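# Descriptive analysis of the structure
Given next are the chains, with one letter for each unit.
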Amino acid sequence: MKLALIGFGQAGGKIVDEFVAYERRTGLDIFSAPVAVNTAKTDLHGLEHVPTDNRVLIGQARVKGHGVGADNELGAEIAEQDIDEVQAALDEIPVHEVDAFLIVAGLGGGTGSGGAPVLAKHLKRIYTEPVFGLGVLPAADEGGIYTLNAARSFQTFVRESDNVLVFDNDAWRQTGESMRGGYDEINREIVRRFGMLFGAGETVGNDRVAESVVDSSEIINTLAGGGVSTVGYAAESVRTTDDGGLRSRIRRDGDDAFDETNTTNRITSLVRKAALGRLTLPCDLSGTERSLLVVGGPPGQLDRKGIERGRSWLEEETGSMEVRGGDYPIPDAETVASAVLFSGVHKVPRIKELQRVAIEARENIDRLQAESDDNLDRLLDEGSEEIAPLY
Ligand code: GDP
């Protein structure tokens, strides 16, 4: 499908940058004129692939290119004030060629957390195309303020968008890695999963009409209806050996094991692994409203029966009859991969926990603020009878 892609804030910009790199690597044409928006000049400078003309610095009058710290109320205010500057960048996009908008942001900070919901609201007012969000939740150890920001932004972003696809940094945090190295790996994972979903139906260099290729309306219909989504993914490399046979190797979350199953079984097992392995937002899949299965790889490996079986299994697992699916032929691919989009998930302990910690953080902040006011009053009151203020 064709997306108008907008990264808001630092995380949003970096993920969009990674999407553009993915697009170049694969030769796909998914993103129309990717845009990065930020209040911090240095973050925009740090991007490598988003064209310079598509980097929009907002809030210069208020924060002079230095960012908003983690103040997402200020982030939202600035986005509202400078929405015309963002719109001007989007005016360059041929919107008639676009199937949907995708706004990417880390929800724990200030610029993206505040700005993404504001932009979603604006786009929905102006355009008829659906507006989707890709929201990144902060890791639990980032602290109360990030959690509070994320909880507030999340509920607003969900309200303003047609669907928010969620990636939870907490579920993907690696110990013993530098933050930057960790994020680079995490961003590649985000792009691998969402790139496969959005890339389906945009196959390049291949005239073969897939038997049941996924088209953009199926992705849109899966996401339509609002709510929150999560994505599962699993891949297995298939390489031709010298004697022309196939050797396979399973790769899932770093665990390697060898598997000799035939193509049907390979696909059904990849669907199970995608659904039961680590999701972008871990949750209980029962009660999922709609799902979409995409199986990609070399055309000869995309067994129709396997995909059908995978779909039936997903119907049982989610308790939903609305399971779409199709193949995504990639002629020179060395892996067979399955990506499953679960939309309208609502049994998500992580969101409940985020809200609980956010309420606690709000109470702590209010208490400390009140104490701090009292302490300052006490400090200044001392001797105020004798010492008159200057004016
Ligand atoms: P902003 O620039 O004010 O919008 O804030 P940031 O985007 O820097 O940070 C917001 C949150 O996004 C942080 O709390 C992190 O949880 C997360 N984050 C920051 N950078 C990255 C990144 O490169 N990748 C991912 N996955 N998350 C990030």
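Predicted, not measured: the structure shown is a model, and the values here were computed from it.

### Some points on the overall build of the protein chain
- What the protein chain contains, in helices and strands, is 13 helices and 12 strands.
- Across the 391 residues in the protein chain, those meeting the buried criterion constitute 54%.
- When contacts within the protein chain are restricted to residue pairs at least 6 apart in sequence, those whose partners lie at least 24 apart make up 80%.
- For the protein chain, the accessible area works out to roughly 18,000 Å², and carbon and sulfur atoms hold 48% of it.

### Structural notes on the site of the ligand
- Near the ligand there are 18 residues, and of these Ala11, Lys14, Gly112, Glu142 and Asn187 occur at the shortest range.
- One nitrogen or oxygen atom from the main chain of Thr111 is found 2.9 Å from an oxygen atom belonging to the ligand.
- In this structure, a nitrogen atom belonging to the ligand sits 3.0 Å away from a side-chain N or O atom of Asn169.
- In the complex, 92% of the free accessible area of the ligand, which totals 560 Å², lies under the protein chains.
- When contributions to the shell around the ligand are tallied by element, the ones reaching two or more residues are helix 1 (9-26), helix 6 (111-126) and helix 9 (179-199).
- Of the residues in the shell around the ligand, the class split is 7 nonpolar, 9 polar and 2 charged.

### Quick word on the pattern of salt bridges
- What the rule picks out here adds up to 19 salt bridges.
- Residue Lys124 pairs with Asp162 through a salt bridge whose shortest N-O separation is 2.9 Å. Of this pair, Lys124 sits in helix 6 while Asp162 sits in the loop between helix 7 (144-160) and strand 6 (163-168); the two residues are 38 residues apart in sequence, bridging distant segments of the chain.
- Overlapping salt bridges bring together Asp141, Asp170 and Arg173 as one network.

### Concerning the confidence of the model for the protein chain
- Across the protein chain, pLDDT averages 89, with 89% of residues at or above 70.
- Low pLDDT (under 50) marks residues 242-260, which in the prediction has 42 contacts with non-local residues, meaning those over four places away or in another chain.

### Brief notes about the packing of aromatic side chains
- Taken as a whole and judged by the stated rule, the model has 4 aromatic pairs.
- The ring of Trp172 has Arg278 sitting right over it, with the charged end atom 4.0 Å from the ring centre.

### What to know about the UniProt feature "coiled-coil region" (unreviewed entry) in the protein chain
- With numbering aligned to this structure, UniProt lists the feature "coiled-coil region" (unreviewed entry) at residues 351-378.
- This span, residues 351-378, is 100% helix and 0% strand, and a straight line between its end C-alpha atoms measures 40 Å.

### Remarks on a nonpolar patch on the surface
- Taken together, the side chains of Leu376, Leu379 and Leu380 make up a nonpolar region of the molecular surface, amounting to roughly 330 Å² of accessible area.
- Here Leu376 lies in helix 13 (residues 349-381).
- You can call Leu376 partly exposed: its relative accessible area is 46%.

### A few points about the pairing of strand 10 (residues 290-297)
- Strand 10 sits mainly inside the fold: 8 of its 8 residues count as buried.
- Neither face of strand 10 is open: one carries Arg290, Leu292, Val294 and Gly296, the other Ser291, Leu293, Val295 and Gly297, and all of them are buried.
- Examined bridge by bridge, strand 10 and strand 12 (residues 335-343) share 7 bridges and lie antiparallel to one another. Bridge pairing in strand 12 places Val295 opposite Ser338.
- Handedness of the crossover joining strand 10 and strand 11 (residues 323-329) through helix 12 (residues 304-318) is recorded here as right-handed.

### Section: the nonpolar core
- Among the nonpolar cores identified, the biggest contains 67 residues, and Ile6, Leu90, Ile103, Leu119, Leu123 and Leu314 are the most heavily contacted of them.
- Taken together, domain 1 (3-199) and domain 2 (224-343) each give at least three residues to this core, which thus spans both.
- Beyond its immediate chain neighbours, meaning those up to four positions away, Leu119 contacts Ile6, Phe8, Ile83, Val86, Leu90 and Ile103.
- Of all hydrophobic cores here, the second largest spans 46 residues; its members include Leu28, Ile186, Val191 and Val214.

### Digging into the packing of helix 6 against helix 7
- Orientation of helix 6 relative to helix 7, taken along the N-to-C sense of each, is 10°, at an axis distance of 9 Å. For the element pair helix 6 / helix 7, the angle class is roughly parallel. Residues Ser113, Ala116, Pro117, Ala120, Lys121 and Lys124 of helix 6 form the contact with helix 7, whose own contacting residues are Asn149, Ser153, Thr156, Phe157 and Glu160.
- In terms of residue class, the contact of helix 6 with helix 7 is made up of 4 nonpolar, 4 polar and 3 charged.

### Overview of helix 6
- Between the first and last C-alpha of helix 6 there are 22 Å, a value that for 16 residues agrees with the 22 Å anticipated at 1.5 Å per step.
- Helix 6 sits mainly inside the fold: 12 of its 16 residues count as buried.
- What helix 6 keeps buried is the set Thr111, Gly112, Ser113, Gly114, Gly115, Ala116, Pro117, Val118, Leu119, Ala120, His122 and Leu123.

### Quick word on the packing of helix 5 (residues 83-90) against helix 6
- In contact at an axis separation of 11 Å, helix 5 and helix 6 are set at 60° when each is read in the N-to-C sense. Taken together, helix 5 and helix 6 sit at an angle that is classed as oblique. The way helix 5 lies across helix 6 gives a crossing that is right-handed. Across from Ile83, Val86, Gln87 and Leu90 in helix 5, the residues of helix 6 making contact are Val118, Leu119, His122, Leu123 and Ile126.

Definitions and limits used
Going along each chain's sequence as written, the residues are numbered from 1 onward. Residue-level local features of this predicted model are given only where pLDDT is at least 70; pairs of side-chain atoms are given and counted only at 80 or more, and the full residue set underlies all totals for whole chains, interfaces and linings. With hydrogens and water set aside, each side-chain value is computed from the structure's full complement of heavy atoms. Only runs of H or I of at least four residues qualify as helices and only runs of E of at least two qualify as strands under DSSP, and these elements are numbered from the N terminus. To sort residues, take the accessible area from a 1.4 Å probe on protein chains only and compare it with the maximum for the residue type: under 20% means buried, over 50% means exposed, and anything in between is partly exposed. Contacts are assigned to residue pairs with any non-hydrogen atoms lying within 4.5 Å of each other. Working definition of accessibility: Shrake-Rupley area with a 1.4 Å probe, residue cover restricted to the visible protein chains. We call a residue near a molecule or strand when any one of its heavy atoms sits within 4 Å of it. The definition of a polar contact used here is a pair of N or O atoms within 3.5 Å, where within protein one atom must be able to donate a hydrogen and the other to accept one, and adjacent residues in sequence count solely through side-chain atom pairs. In this classification, Asp, Glu, Lys and Arg are treated as charged, Ala, Val, Leu, Ile, Met, Phe, Trp, Tyr, Cys and Pro as nonpolar, and every other residue, Gly included, as polar. Any carboxyl oxygen of Asp or Glu that lies within 4 Å of a side-chain nitrogen of Lys or Arg is treated as forming a salt bridge with it. Residue-level confidence of the predictor, termed pLDDT, takes values from 0 up to 100. For Phe, Tyr and Trp, where Trp contributes only its six-membered ring, two rings pair if their centres lie within 6.5 Å, and the inter-plane angle classes them as stacked under 30 degrees, edge-to-face over 60, or tilted in between. Only lysine NZ and arginine CZ atoms are considered, and such an atom sits over a ring when it is within 6 Å of the ring centre and within 35 degrees of the ring normal. UniProt positions are given in the numbering used here, feature names are shortened, and annotations may be inferred rather than shown by experiment. Nonpolar side chains (Val, Leu, Ile, Met, Phe, Trp, Tyr) are joined into patches within 5 Å and like charges within 9 Å, using only residues with over 30% relative accessible area and no salt bridge. In this scheme, strands are said to pair when DSSP sees at least two bridges between them. Viewed with both strands pointing away, a crossover whose connecting path from the first strand over the helix to the second turns clockwise is right-handed. Nine residue types can take part in a nonpolar core, namely buried Ala, Val, Leu, Ile, Met, Phe, Trp, Tyr and Cys, and a core is a set of them joined through side-chain atoms within 4.5 Å. The domain boundaries here were taken from an automatic or database domain assignment. In this analysis, axes come from line fits to C-alpha atoms, helices being fitted only over the stretch in contact, and the angle between any two N-to-C directions falls in the range 0 to 180 degrees. For classification purposes, an angle smaller than 35 degrees is called roughly parallel, one larger than 145 roughly antiparallel, one from 65 to 115 roughly perpendicular, and anything else oblique. The span one expects for a helix is its residue count, reduced by one, times 1.5 Å. The sense of a crossing depends on the near helix, which, turned anticlockwise from the far helix by less than a right angle, makes the crossing left-handed and, turned clockwise, makes it right-handed.

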